[in-house]
Amino acid sequence: MPELCIHECKELSFLIPGFEERGTFDRVIATQYGKADPSKLWGAVTPHYLYDHLIPEKLRRFMPAGKFIVILRDPVDRAVSNFRMMLAQGHESRPIDEVMNLQLEPEYLEKQRESDLYHGADLDSYIAWGEYGRLLEAFLEVNSRESLLVCFLEELSANPDREFHRICKFIGAGEQASPENLGVRYNNSEERETLIQRLFAKMRENEWLRQLGRKLVSAQARREIVYRYSLQTSRNVTPTILSTDTEGRLVKHFEPDVRKLETLIGRSAPWMRFAID
């Protein structure tokens, strides 16, 4: 899109704790978008902002005219996908039913809801991060409803052209021709081992290599490499299937939160698991 400038790095996270120590917000933006055309709309893709309870107030403070787009998927599917990503990256080894039932415990859930975002939180928050109603309610307590667009992954997949134009209208990009690759899914090719997979395997096994990597590669670059690596390795993970009992427990847990989400956005979520008869 010619009117839009999206930062090339996913999870830029320039509002994480400590960014103020690197200078003012304007200085951080100037550093990250220094070569961007000021006449264009600037954006970033940072899913973790949804899970950090400190972020809504920072967005209101530093981006009062900002437009925020959230893409949601069935929370049960999200939990399983998160688990599989951690499995692919070598951080997870427990049986999926065991993990989900542990994270459904009330004390565990409450702890994760109250925790600040921390390194490794993905591993502990398969369920808490799928409570979209709770998360967006906190966002809307300090930001206007007009600043938020909620999309659903299922609708983006089923009708990408309609959703693309809906997003363009929301951000003020005007009428745009649909990109030729609209609807194409990337990082979904056949299984293959790559150089980066072999390199990561060696680094996990060797403490000296891990320490060297931390010295030579910035934290931001490491996050991007890990993300790209997870896309490669997730193709090679044996599909993980929940038991019927665990799936039922997850649906029962998420159902009140889905109803809260629907009230907040004024429409039904397109998830068959949670459809009201």
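Heads up: the structure comes first, above all this text.
Fair warning: this is a prediction, and the values are worked out from it, not measured in the lab.

Describing the pattern of salt bridges
Two side chains carrying opposite charge are able to pair once their charged atoms lie near each other.
Item 1. Within the structure shown, the criterion is met by 14 salt bridges.
Item 2. Of the charged contacts in the structure, one is a salt bridge between Glu137 and Lys260, with a shortest N-O distance of 3.3 Å. Of the two residues, Glu137 is situated in helix α7 (residues 132–142) and Lys260 in helix α13 (residues 244–265); the sequence distance between them amounts to 123 residues.
Item 3. Here Arg267 and Glu155 are joined by a salt bridge, their closest N and O atoms 2.5 Å apart. Here Arg267 is found in the segment after α13, whereas its partner Glu155 is found in helix α8 (residues 153–158), with 112 residues between them in sequence.
Item 4. By relative accessible area, Arg267 is classed as partly exposed at 30%.

With respect to helix α9 (residues 160–171)
Item 1. When the terminal C-alpha atoms of α9 are compared, their 17 Å separation across 12 residues agrees well with the 16 Å that a helix rising 1.5 Å per residue should span.
Item 2. Among all positions in α9, only Glu163, Phe164, Ile167, Cys168, Phe170 and Ile171 are buried. Down the axis of α9, the smallest arc covering the buried residues is 165°, so these residues share one side.
Item 3. Where the residues of α9 are buried, they touch β1 (4–6), β2 (41–43), β3 (68–72), β4 (148–152) and α8.
Item 4. Phi for Gly172, located one or two positions after α9, is positive at around 85°.

What counts and how
- Residues numbered from 1 in each chain as written.
- Predicted model: local features only at pLDDT ≥ 70, side-chain atom pairs only at ≥ 80, totals over all residues.
- Heavy atoms only, no water.
- Salt bridge = Lys/Arg side-chain N within 4 Å of Asp/Glu carboxyl O.
- Helix = DSSP H or I, 4+ residues; strand = E, 2+ residues; numbered from the N terminus.
- Buried < 20%, exposed > 50% of the residue type's maximum accessible area, 1.4 Å probe, protein only.
- Expected span 1.5 Å × (residues − 1).
- Arc of directions from axis to C-beta.
- Contact = heavy atoms within 4.5 Å.

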